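# Survey of secondary and tertiary structure
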Amino acid sequence: MAGSTLQFALQKLDSLLVKEQQLLRGVDTGVKDIRDELECIKSFLREADAREDGDGMRTWVNQVREIAYDIEDVLDEFMLHIDRPHGHGFASFLHKGVRYIKHLGTRRRIATAIQEIKIQVRNISQRKDMYTIKFIDNGTSNAATNRLHDRHMAALFIEEAELVGIEKPKEELIGWLVKGESQRKVISVVGMGGLGKTTLVRKLYDHERVKGWFSCHAWITVTQLFTIDELLRSIINQLYEERSELFLGRIDATEGIQLIEILHHFLRDKSIFPKDYLVKHITLIRLWMAEGFIESERGETMEKVAVDYLDDLIDRNMVQVAEYYNYGRVRSYRVHDLIHEIILLKSKEENFSTSLYRQKTHMLGRIRRLSIHNTGKDVLQNTSLSHLRALFMFGVNALSSSSMRDLFYSFRLLKVLDLEGAPIERFPIEFGKLLHLRYLSLRNTRINKLSKSLGKLKNLETLDLKGTYVSELPTNILKLQSLRHLLAYHHYTGRHPPFYYTNGVKVPQGIGRLRDLQKLTYIEANQDSAIVRELGYLTQLRRLGIVKLRTEDGVNLCASIERMNNLRSISVTSIGMDEFLDLQYLKSPPSDLQRLYLRGPLQTLPDWISTLQNLVRMRLRWSKLKEDSLGVLQALPNLVELTLFRAYDGVKLCCQKGGFQKLKILDLEQLDNLNYVILDGAMPNLQKMYIRHCVQLKVVPFGIEQLMNLKELHLFDMPEAFVQRLRRQGGADRPKAKHIPIVRSYDHEDQVYEEL
């Protein structure tokens, strides 16, 4: 809706007016005049958005939206030049003077742009008065006398209110079009001449419900002398106009199969995210924040406000939860096909986003958000993207350095840059050219080093380096005071993970200055004890990942964690499989801790674990715990998932009656000494059990027949004698597992399984 775009521009103007008062000391920039004029337009726009009476009104609404976009562009550039750090004294005075002269040309250009916007806003406001009169005098003129007299053409201009008996057949036809399965369909409307068939069908074609159901639309007239090629050319021309794109080549010289192939291209998906794409929960939140769609409310973080928005969309069935983690947290979302089509329609109408799919397409107009799907080299060559706010790449397999460099230099206003999986080994330009950037994802690229110019991204909130080869962060990262989410690591991807499953990054001393950080994964802790102590300053952290922790730094880490009251997830890996994790010193752990991952030897489970009333997932790896040392876990009231990988050296794993009341997932892997598992009266809600390469395990867990909620039992690389006991034919333990719907045994490569 244009109203929301305008409201966003008004918020920016308010912010700028405050900065004007602080920094420009009353100098009149014209911003207040613009703001006052837009405020007058806003209330009228709310009614206009709802009515959209006729093409003239829609054109006016679109003009308001575009001017709001232009205001945002100019203001963002203006902010860069007035929102700079300022000191005191003579040196600061000289610095300001030099900078003022240096940017004098830029300031003049911005001032000119503001004056042009003032004129445009005033003109739009004056045109508003014309539509106000039309609202008051609605329907009094006899428009029919001025319409075209051609019978077929005139039918397209008849107002619905002038038709009698149209409502019932219209609703019936709409129902046929938008209900049931999506498939090719022909609906015929027949009747004598003059009954209103063309008018009825045109009203269907223009109806919002119908437009929202289909991703593209074309209106063609079939004459007695038609040809197939002419009809195809007409359809293709309309489709390209609808997408605000220009057909490359001469459409009148294109025939037959070529026309069909072009049409097939246009029936592909054209949204930012591909159809049926699963959008990660946290990714969506970070993107909303980067675009400025989220603001803190009543002391809540932006992340919490975004979650509330998502919950509201789910309640309204506009967004669907696609995946949950085993412990209940939402992992990803999708939208229903119908909602997806409505998104496509509104994105086009409001110039919100544009997509390129496979072949190169010349785009017209100002592109503000662009997603590129499965394209090759130089797809954006000779394309103006100076107004671009967000760029996403999906499946891009070839990018030349020269084209990227030239392209990225035009991204002055870019806020979101997602290059996940792009075939690049270095960032193409200095980061200082992207001063508005708030979200940068280089995930799964080949980049191994970051430029020192990274420190110029003062607005950056998310830096995603997951899956890259970056091993050290530059000192200048400490200048990124807005940074909230820092992901820098890559996982081992083989079947048998080594102890060092996760490789983190070295961080500079001073990391504690990034006080807004909410996620920090994974940092190498063996550089300096001071870095571990500094973590205590990061009191907003919700997720922390540490690798290569030395035994002697355990006490420092515990002291830092005690100050992290917002922590929800922590992962700690020792420096080696023979180096103990010494975490006994934590007196008061974060009360809301939900996920705990420990990798490395433990002399015993820390006592404080018993106080974690909100813990839902726990994974212990390489812990080498002694017999009967897991008792502290059994009373945790909300533990849903437990993984033990080389974590227990005992011969028997005994669970107390009534223990693990909420546990749903149990994963036992490479417990080399384990002979017996005794579950009598424990784990009443267990749903899935995994037993992997426990070569000494003799029989199925005692008490498994009592687990009436157990739905799946998966055996990986287990001895043949153990598997045989569960086979339907002659298996000694098969009667104990007959209530389990899925019982499977996998080979050593996890590729072939046997249904037991």
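I will try to describe carefully the structure that is included in this document. (Residues numbered from 1 in each chain as written. Predicted model: local features only at pLDDT ≥ 70, side-chain atom pairs only at ≥ 80, totals over all residues. Heavy atoms only, no water.)

### Some remarks on the packing of aromatic side chains
Inspection of the entire model under this criterion finds ten aromatic pairs. Taking the centre distance of 5.4 Å and the plane angle of 70° together, the rings of Y205 and W219 count as edge-to-face. In this pair, Y205 is assigned in helix 8 (residues 197-206) and W219 in the loop between helix 9 (208-213) and helix 10 (228-242), connecting sequence segments 14 residues apart. Looking at W219, the relative accessible area reads 21%, which means it is partly exposed. Ring pairing ties together the aromatic residues F499, Y500, W622 and F645, which thus form one cluster. (Phe/Tyr/Trp six-rings, centres within 6.5 Å; stacked < 30°, edge-to-face > 60°. Helix = DSSP H or I, 4+ residues; strand = E, 2+ residues; numbered from the N terminus. Buried < 20%, exposed > 50% of the residue type's maximum accessible area, 1.4 Å probe, protein only.)

### Observations regarding the side chain of T468
With respect to the secondary-structure elements, T468 resides in the loop between strand 11 (462-464) and strand 12 (485-487). Look at T468 and you get buried, because its relative accessible area is 1%. A distance of 2.7 Å separates a polar atom in the side chain of T468 from the backbone oxygen of L465. Here the side chain of T468 touches V470 through a polar contact of 3.4 Å, landing on its backbone nitrogen. Apart from residues lying up to four places away in sequence, T468 is in contact with L442, R443, N444, T445, I447, Y489 and H490. (Polar contact = N/O pair within 3.5 Å; in protein donor to acceptor, adjacent residues only side chain to side chain. Contact = heavy atoms within 4.5 Å.)

### Focus on the sheet that holds strand 3 (residues 320-324)
The sheet built from three strands is open, its strands ordered 2-4-3 with antiparallel pairing. A single partner strand is all that each edge strand has here, and the edge strands are strand 2 (279-280) and strand 3. As judged from the two bridges shared by strand 2 and strand 4 (residues 330-334), these two strands associate in the antiparallel manner. Bridge pairing in strand 4 places V279 opposite Y333. (Pairing = 2+ DSSP bridges.)

### Thoughts on empty space enclosed by the protein
Across all of its chains, the model carries five cavities of 30 Å³ or more by this definition. Taken together, C558, I561, I570, V572, L583, L586, P589, P590, L593, L596, L598 and W608 form the lining of the largest cavity. Counting only elements with at least two residues in the lining of the largest cavity, the list comes to helix 17 (554-561), strand 17 (569-574) and strand 18 (595-599). Its residues assigned to classes, the lining of the largest cavity shows twelve nonpolar, no polar and no charged. (1 Å grid on protein atoms, 1.4 Å probe; cavity = no way out; pocket = protein on both sides within 12 Å on 5 of 7 lines; lining within 4 Å. Points joined across faces, edges and corners; volume = space filled by probe spheres on them. Nonpolar A, V, L, I, M, F, W, Y, C, P; charged D, E, K, R; others polar.)

### Structural notes on the pairing of strand 19 (residues 617-621)
Note: strand 18 against strand 19, five bridges, orientation parallel. If you follow L598 over to strand 19, its bridge partner there is L620. The pairing of strand 19 with strand 20 (residues 641-645) spans five bridges and is parallel. Paired with R617 across the strands is E641, a residue of strand 20.

### Quick word on the environment of A647
Take A647: it is sitting in the loop between strand 20 and strand 21 (652-654). On the basis of relative accessible area, A647 is assigned to the buried category, the value being 0%. With 25 residues separating them in the primary sequence, A647 and D672 have C-alpha atoms 9.7 Å apart.

### Re the environment of L486
Mapping L486 onto the fold places it in strand 12. If near-sequence neighbours (up to four positions away) are discounted, L486 is found in contact with L463, L473, I477, L517, K519, L520 and T521.

### A word on unusual backbone geometry
Across the junction of T521 and Y522, the peptide omega takes the value -15°, indicating a cis bond. Within the secondary structure, Y522 is located in strand 15 (residues 519-524). Positive phi, normally seen in glycine, also occurs at Q670, with a value near 50°. Along the chain, Q670 falls in the loop between strand 22 (665-669) and strand 23 (676-678). A positive phi is found at H693, a non-glycine position, where the angle reads about 50°. For H693, the position within the fold is in the loop between strand 24 (688-692) and strand 25 (712-716).

### Looking at the packing of helix 12 (residues 281-291) against helix 13 (residues 302-315)
Helix-helix packing is described using two parameters, namely the angle between the two axes and the distance between the axes. The N-to-C vectors of helix 12 and helix 13 enclose an angle of 115°; their axes lie 10 Å apart at closest approach. Considering the angle they form, helix 12 stands roughly perpendicular to helix 13. Remark: the crossing between helix 12 and helix 13 carries right-handed chirality. Of helix 13, the residues touching helix 12 (which contributes H281, L284, I285, W288 and M289) are M302, E303, A306, V307, Y309, L310 and L313. (Axes fitted to C-alpha atoms, helices over the stretch in contact; angles between N-to-C directions. Parallel < 35°, antiparallel > 145°, perpendicular 65-115°, else oblique. Left-handed = near helix turned anticlockwise from the far one by under 90°.)

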